[in-house]
Amino acid sequence: MRNILPLLVALSALLALPGPPALGSDLRGVALVIGESDYVGLRDLGNPERDARAMGELLDGLGFDVSRVLDGDRAKLKARIDRFVEDAADADVALIYYSGHGIEAGGGDYIVPVDADISTPERAGESLVSVADLLDRLGRVVPVSIVLLDACRTNAFPDGTMVALPGSSHAVAVAPTGLGALRGPTPAAAAPARPDELGTVIGFSASPGQAALDGPAGGNSPYAAALIKHLGAGGYSLNDLMTLVTEEVYLKTGARQLPWTNSSLRRVLSLGGAGEASDPDEAAITRGRRQLLMTIAALPEGERRQVEAAAQQGGVPMDALYGLLAALGSEVPNEPGALNKLLDAQTARLKQIMAEQTALGSADPEIVRLSGLAQQALAEGALEANVSFWEAAKARYAEVSKQLDVTEAELRARRLEGGNVLAKTGDAYLLKGDYAQAARNFGLAYEEVRRWDDEKALDYKWAEAGALESEGDFGGDKEALIASVAAYKEALALAPRESRPRDWAGIKSDLSIPLQLLAQRTGDRALLAQAADAVKATLEVTTYESDPKAWALAQNNLGTILNDIGYNGADVSVLEQAVDAFRAALKVRTRQERPKEWAMTETNLGVALDRLARLTGKDASYEDAIAAFRAALEIETRDADPFGWADNQVNMGISMQALGVRHNDMGLIAQAADAFGKALEVRTRDRVPLDWAASQLALGWTKLMIAEATSDDAALAEAEAAYRAALSEYRPDRGASTWANAESGLGSALLDRAAKTHDTAALTEAVAAFEAATTVWTQADYPSNWANTQGNLARTLVALGRLDEAVSAYKASQQVYTQADHPREWAIAEVNIGWLVAASGLDRRDRLAVLSGKLSIETSMQVLDRLGLPHNPAFYEDRLKMIDEGLANLP
């Protein structure tokens with residue numbers, strides 16, 4: 001047998017010493033390690049074999065002569081125990097560690113071999129190994145006996161199992177919770193079996209009546225893990241070591257399991273060996289942990305219960321909460337309410353730390369190592385070590401920071417250089433009209449500098465927003481407009497109004513543009529309101545006196561938005577505000593000083609005047625609009641600004657067309673058609689698809705008017721082709737109202753063609769076109785357009801012979817064109833309704849229907865006569881005469 005030099009103090013020398021003396025060299029220790037996992041007739045256990053192997057390695061390292069029994073049956077287990085008792089006769093200390101099933105029956109403890117047979121009470125009793133007998137045998141041959149039973153798990157025997165204990169024929173019931181049901185190992189308190197016996201220590205993995213946990217699969221039981229962690233610690237008596245083990249299990253199981261130790265030692269016993277980690281940092285954590293465990297053991301039961309409750313309610317481990325109490329020492333509140341308040345605050349703090357807990361992803365390995373150690377110390381409740389590791393990490397970062405200061409300036413310069421290169425690339429894409437790539441490069445430039453230079457970051461984000469706006473405007477990309485709005489809002493966050501009012505105002509003004517464009521594409525009037533609010537906010541900061549140029553730009557932008565709001569809402573007062581805003585801008589944007597800006601504002605003014613004329617019916621407004629467009633064309637020539645020139649050609653053509661219609665001036669309408677044709681020479685589909693479509697739409701309406709006035713079949717064909725061209729680009733999600741306009745125009749062209757050719761297919765397509773238009777031109781949002789389209793639909797349905805549907809469409813138009821507000825339009829619908837109803841009545845020989853239709857015709861004529869509105873009396877007379885003749889033939 002080996003001497004166990006690092007294991008035990010010389011027990012005979014302890015009589016006069018108050019604490020553990022130096023290690024002796026003449027002591028021997030023997031250990032028997034038993035692990036029973038693979039049971040034949042009972043539930044298998046996953047960890048005992050693993051626990052036993054680990055405990056064997058530990059005890060071997062402490063100098064014990066270790067014997068092992070793994071998955072031993074009754075015969076093998078008995079033989080090994082007998083041999084172990086013989087070996088113990090020459091030893092000073094005998095230690096048994098058992099992991100496996102254990103039961104309590106008849107007031108005694110029994111360990112269960114893997115071949116236990118519970119088929120009968122007698123066989124069950126023969127299978128068991130009595131712990132009391134084992135302790136008694138060891139007590140007779142060795143001075144110190146230590147038995148550690150990691151068997152306080154839930155009883156594996158079926159409920160109601162009876163056993164006839166060895167030496168008895170009387171069967172008794174097995175206790176329901178295994179060894180945990182014991183009242184205590186009586187051998188530990190029995191009288192010494194021999195004069196030199198110094199006592200017995202028996203440890204249970206759980207308290208009486210408490211089932212222990214088996215531990216995670218592939219690991220160790222909590223009890224075994226605690227023994228492995230602490231049993232080899234130097235400088236502690238065996239009783240203190242068992243205290244460390246008890247509190248370790250208590251913490252690791254969240255107070256669900258508390259080991260129980262019974263000791264009758266009459267001397268201080270200390271297991272030898274330093275038992276510390278060779279790494280000083282790991283050793284510091286271990287020391288902190290053991291100090292905490294000893295502190296917990298000394299805490300009053302009330303404080304322990306408060307900590308347990310706080311940890312359970314907060315969902316945090318108890319370790320750090322106990323660490324707080326240990327750190328506070330005498331400053332721990334005595335009053336339970338104050339302690340609860342302290343624990344609640346610490347629980348919340350710990351929960352947050354745990355949620356954020358991860359080792360720092362630093363490039364410095366030492367900081368990573370120290371942060372990991374700090375988290376390990378926190379998990380162990382070693383708060384002092386936790387603080388010291390973070391202090392060490394902080395000191396290390398101070399060294400790193402000095403190195404960073406040296407490289408940071410160079411890194412900033414390189415980042416700014418990269419941002420500049422990317423931005424210049426964006427500028428190059430802008431010049432070639434590739435706005436999507438320009439935006440991408442400006443966005444990359446922003447990402448490159450945003451952490452290094454706020455001014456540059458703002459410039460690049462602003463440029464990205466502008467490029468996205470251009471992509472959305474010229475490329476018809478709605479998603480680009482949405483991205484532009486988002487980018488402008490990001491830029492606003494970089495330029496707070498309080499500290500950078502001019503930049504803030506400029507961005508606000510620019511933000512209004514994609515909002516307005518989105519409103520035009522989607523028909524969402526709320527976006528127009530947002531755009532107007534953005535510009536009005538700009539004008540709160542940018543005044544005529546402080547920055548006339550920016551003020552004029554804001555006035556121009558406000559005018560364009562009010563122009564759309566007023567036109568869509570048929571609001572004359574808002575259109576007049578738009579005209580005022582443009583004229584205000586022209587005070588700064590003069591032809592002499594800012595010719596290009598002057599021309600642009602003249603164009604915008606012309607559009608507003610044209611729309612105002614359409615609502616008020618004033619020729620002067622049309623004439624002023626045409627004059628404004630002609631003025632703009634003096635600066636925006638085709639050579640100087642081809643797209644601006646084309647825009648003005650279209651705008652001027654629209655006003656000429658409207659004024660020509662008012663006065664039946666076909667010469668003016670022909671000039672309008674000529675203007676649209678010129679615009680299409682520049683506004684090609686491949687370059688500006690939506691502007692090309694808008695020009696086609698305008699040309700279509702003009703050609704249709706010419707065709708209707710002159711019966712020119714070629715002009716009618718050109719009109720239909722132009723509408724179809726416009727619809728090849730327009731969709732409901734890409735300019736909803738304009739799409740409806742094109743559908744309505746196509747329907748009118750088809751209706752006119754069918755009137756000449758009697759083409760039923762053309763009429764059917766016309767119905768579909770008119771109905772499509774009303775999905776956008778609703779009565780609520782576009783009342784006049786909706787009513788006009790209902791009238792055109794009615795005419796088409798008449799041509800198809802669908803008279804009842806035609807009557808419904810005419811009546812629908814009268815919901816907008818009421819007798820009070822629009823008497824002429826109402827009267828036109830009413831006479832058509834009357835004629836259709838009368839004709840249908842005559843066909844069905846329904847006198848009442850015919851009389852109802854006649855009354856509608858008469859009412860229509862009376863309204864026109866009373867108000868002096870123009871109409872053709874002969875038309876009415878002819879219709880009434882035909883009805884009277886029909887009535888004469890009815891019964």
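Worth saying up front: this structure is predicted, and the values here are computed from it rather than measured.

(A) Seen up close, the overall build of the protein chain. Regarding its fold elements, the protein chain presents 32 helices and 11 strands. Overall size of the protein chain, expressed as C-alpha extent along the three principal axes, is 145 × 85 × 50 Å. Across the 891 residues in the protein chain, those meeting the buried criterion constitute 50%. Relative to all contacts within the protein chain whose residues are 6 or more apart in sequence, the contacts with residues 24 or more apart total 65%. For the protein chain, the exposed area adds up to about 39900 Å²; of that, 51% sits on carbon and sulfur atoms. On the protein chain, the mean spot of the 87 positive side-chain charges and the mean spot of the 124 negative ones are 1 Å from each other.

(B) Representation of the sheet that holds strand 5 (residues 108-111). Read across the open sheet, the 3 strands follow the order 4-5-6; overall the sheet is antiparallel. The sheet is open, and its two edges are formed by strand 4 (102-105) and strand 6 (129-130), each paired on a single side. Note that strand 4 and strand 5 share 4 bridges and pair antiparallel. Bridge assignment links Glu104 to a residue of strand 5, and that residue is Asp109.

(C) Main features of the packing of aromatic side chains. One pass over the full model with this rule turns up 6 aromatic pairs. Between Trp701 and Tyr723, the ring centres sit 5.5 Å apart and the planes meet at 80 degrees, which makes this aromatic pair edge-to-face. Of this pair, Trp701 sits in helix 24 (residues 689-710) while Tyr723 is found in helix 25 (residues 713-727), placing the two residues 22 residues apart along the sequence. Taking relative accessible area as the criterion, Trp701 reaches 26% and is therefore assigned partly exposed. Measuring from ring centre to ring centre gives 5.7 Å for Phe875 and Tyr876, while their planes differ by 85 degrees; the resulting arrangement is edge-to-face. Tyr876 sits in the buried class, given a relative accessible area of 4%. Across the ring face of Tyr250, the terminal group of Arg304 is positioned such that the distance to the ring centre comes to 4.4 Å. The ring of Trp835 carries the charged tip of Arg879 above its face, separated from the ring centre by 4.8 Å.

(D) The nonpolar core, seen in detail. If you look at the biggest cluster of nonpolar residues, it comprises 126 residues, and the most contacted ones within it are Ile507, Tyr723, Trp739 and Val776. Sequence-distant contacts of Trp739, defined by excluding residues within four places in its chain, comprise Leu727, Tyr730, Arg731, Pro732, Ala772, Thr775 and Val776.

(E) Spotlight on helix 6 (residues 238-252). For helix 6, built from 15 residues, the straight-helix expectation of 21 Å at 1.5 Å per residue is met to within 8% by its first-to-last C-alpha distance of 21 Å. Counted residue by residue, helix 6 has 11 buried out of 15 residues, so it is predominantly covered. For helix 6, the set of buried residues is Leu238, Leu241, Met242, Leu244, Val245, Thr246, Glu247, Glu248, Val249, Tyr250 and Leu251. Gly254, located one to two residues past helix 6, shows a positive phi value of around 60 degrees.

(F) The arrangement of the pairing of strand 3 (residues 93-99) in detail. Across the 7 residues that make up strand 3, a large majority, 7, are buried. In strand 3, alternate side chains face the same way, and those of Val93, Leu95, Tyr97 and Ser99 on one face and Ala94, Ile96 and Tyr98 on the other are all buried. Relative to strand 3, strand 1 (residues 29-35) runs parallel, the two sharing 7 bridges. Each residue of the ladder has a partner; that of Gly35, found in strand 3, is Ser99.

(G) Layout of unusual backbone geometry. The phi dihedral of Asp71 is positive, around 55 degrees, even though this residue is not glycine. Relative to the helices and strands, Asp71 resides in the loop between strand 2 (65-70) and helix 2 (74-88).

(H) Molecular detail of the sheet that holds strand 11 (residues 260-263). Taken in spatial order, the 6 strands of this open sheet run 2-1-3-7-10-11, and their pairing is mixed. This sheet does not close on itself; its edge strands, each paired only once, are strand 2 and strand 11. Neighbouring strand axes in the sheet, compared pairwise and without regard to direction, differ in orientation by 10 degrees on average. Packed on one face of the sheet, helix 4 (residues 131-141) meets strand 3, strand 7 (144-150) and strand 10 (199-204) and runs near 160 degrees to strand 7. Sitting on the sheet, helix 6 touches strand 7, strand 10 and strand 11, and the angle it makes with strand 11 is about 165 degrees.

(I) Just the confidence of the model for the protein chain, in detail. When pLDDT is averaged along the protein chain, the result is 86; 93% of the residues meet or exceed 70. Counted against residues more than four places away or in other chains, residues 1-25, with its pLDDT under 50, gives 65 contacts. Under a pLDDT of 50 for its full length, residues 180-191 has, in the predicted model, 26 contacts with residues more than four places off or in other chains.

(J) Local environment of the side chain of Thr542. Tracing the sequence through the fold places Thr542 in the loop between helix 17 (525-541) and helix 18 (548-568). Filtering out sequence-adjacent residues up to four positions away, Thr542 remains in contact with Ala505, Asp547, Ala550 and Trp551.

(K) Seen up close, the packing of helix 12 (residues 383-431) against helix 13 (residues 435-449). Between helix 12 and helix 13, the least distance of the axes is 8 Å, while the angle of their chain directions is 170 degrees. Looking at the two axes, helix 12 sits roughly antiparallel to helix 13. From helix 12, Arg415, Leu416, Gly418, Gly419, Leu422, Ala423, Thr425, Gly426, Asp427, Tyr429 and Leu430 reach across to helix 13, where they touch Tyr435, Gln437, Ala438, Asn441, Phe442, Leu444, Ala445, Glu448 and Val449. For the contact of helix 12 with helix 13, the class distribution of residues is 11 nonpolar, 6 polar and 3 charged.

(L) Highlighting the pattern of salt bridges. For the coordinates displayed, the defined rule picks out 51 salt bridges. The partner of Glu301 in a salt bridge is Arg305, and the shortest N-O contact between them spans 2.1 Å. You can see Glu301 and its partner Arg305 sitting in helix 8 (residues 301-314), 4 residues apart, about one turn around the helix. Note on Glu301: relative accessible area 43%, which makes it partly exposed. Classification of Arg305 as partly exposed rests on a relative accessible area of 43%. Two residues, Arg734 and Glu729, come together in a salt bridge whose shortest N-O distance is 2.9 Å. The same class applies to Arg734 and to Glu729, which are both buried. Among the ionic contacts, a cluster of salt bridges with common partners joins Lys229, Glu248, Lys252, Arg289, Asp319 and Glu380.

(M) Layout of the environment of Glu104. Here Glu104 is to be found in strand 4. The spatial distance from the C-alpha of Glu104 to the C-alpha of Leu227 is 23 Å, given a sequence separation of 123 residues.

(N) Quick look at the pairing of strand 2. The sheet contact formed by strand 1 and strand 2 spans 6 bridges and is parallel. Looking at the pairing, Val30 lines up with Asp65 of strand 2. Where the polypeptide runs from strand 1 across helix 1 (residues 48-61) and back to strand 2, its parallel neighbour, the crossover connection is right-handed.

(O) View of helix 17. Its 17 residues give helix 17 an end-to-end C-alpha distance of 25 Å, which sits within 8% of 24 Å, the value for a rise of 1.5 Å per residue. Turning to helix 17, its buried residues number three or more, namely Leu527, Leu528, Ala531, Ala532, Ala534, Val535, Ala537, Thr538 and Leu539. Those residues of helix 17 that are buried lie in contact with helix 16 (501-522) and helix 18. One side-chain oxygen of the residue at the start of helix 17 lies 3.0 Å from the amide nitrogen of Ala526, identifying that residue as Asp524.

(P) Examining the side chain of Thr246 more closely. Take Thr246: it is sitting in helix 6. A distance of 2.9 Å separates a polar side-chain atom of Thr246 from the backbone oxygen of Met242.

(Q) Looking closely at the environment of Ala423. Tracing the chain through its elements places Ala423 in helix 12. With a relative accessible area of 6%, Ala423 lands in the buried category. Separated by 170 residues in sequence, Ala423 and Glu593 have C-alpha atoms that sit 31 Å apart. Excluding anything up to four places from it in sequence, Ala423 contacts Phe442, Ala445 and Tyr460.

(R) Up close: the packing of helix 14 (residues 454-475) against helix 16. Across the interface, helix 14 lies against helix 16 with an axial gap of 10 Å and an inter-helix angle of 20 degrees. On the basis of their axis angle, the class for helix 14 and helix 16 is roughly parallel. Remark: the crossing between helix 14 and helix 16 carries left-handed chirality. Between helix 14 and helix 16, the residues in contact are Leu458, Trp462, Glu469, Gly472 and Asp473 and Asp503, Gly506, Ile507, Asp510, Ile513, Pro514, Leu517 and Arg521, respectively. Taken together, the residues of the contact of helix 14 with helix 16 sort by class into 6 nonpolar, 2 polar and 5 charged.

Rules used in this analysis
Residues numbered from 1 in each chain as written. Predicted model: local features only at pLDDT ≥ 70, side-chain atom pairs only at ≥ 80, totals over all residues. Heavy atoms only, no water. Helix = DSSP H or I, 4+ residues; strand = E, 2+ residues; numbered from the N terminus. Buried < 20%, exposed > 50% of the residue type's maximum accessible area, 1.4 Å probe, protein only. Contact = heavy atoms within 4.5 Å. Areas by Shrake-Rupley, 256 points an atom, 1.4 Å probe, with all protein chains shown as cover. Lys, Arg positive; Asp, Glu negative; His and termini not counted. Charge placed at Lys NZ, Arg CZ, Asp CG, Glu CD. Pairing = 2+ DSSP bridges. Phe/Tyr/Trp six-rings, centres within 6.5 Å; stacked < 30°, edge-to-face > 60°. Lys NZ or Arg CZ within 6 Å of the ring centre and 35° of its normal. Core = buried A, V, L, I, M, F, W, Y, C linked by side-chain atoms within 4.5 Å. Expected span 1.5 Å × (residues − 1). Axes fitted to C-alpha atoms, helices over the stretch in contact; angles between N-to-C directions. pLDDT = per-residue confidence, 0-100. Parallel < 35°, antiparallel > 145°, perpendicular 65-115°, else oblique. Nonpolar A, V, L, I, M, F, W, Y, C, P; charged D, E, K, R; others polar. Salt bridge = Lys/Arg side-chain N within 4 Å of Asp/Glu carboxyl O. Right-handed = clockwise from strand over helix to strand, strands pointing away. Polar contact = N/O pair within 3.5 Å; in protein donor to acceptor, adjacent residues only side chain to side chain. Left-handed = near helix turned anticlockwise from the far one by under 90°.

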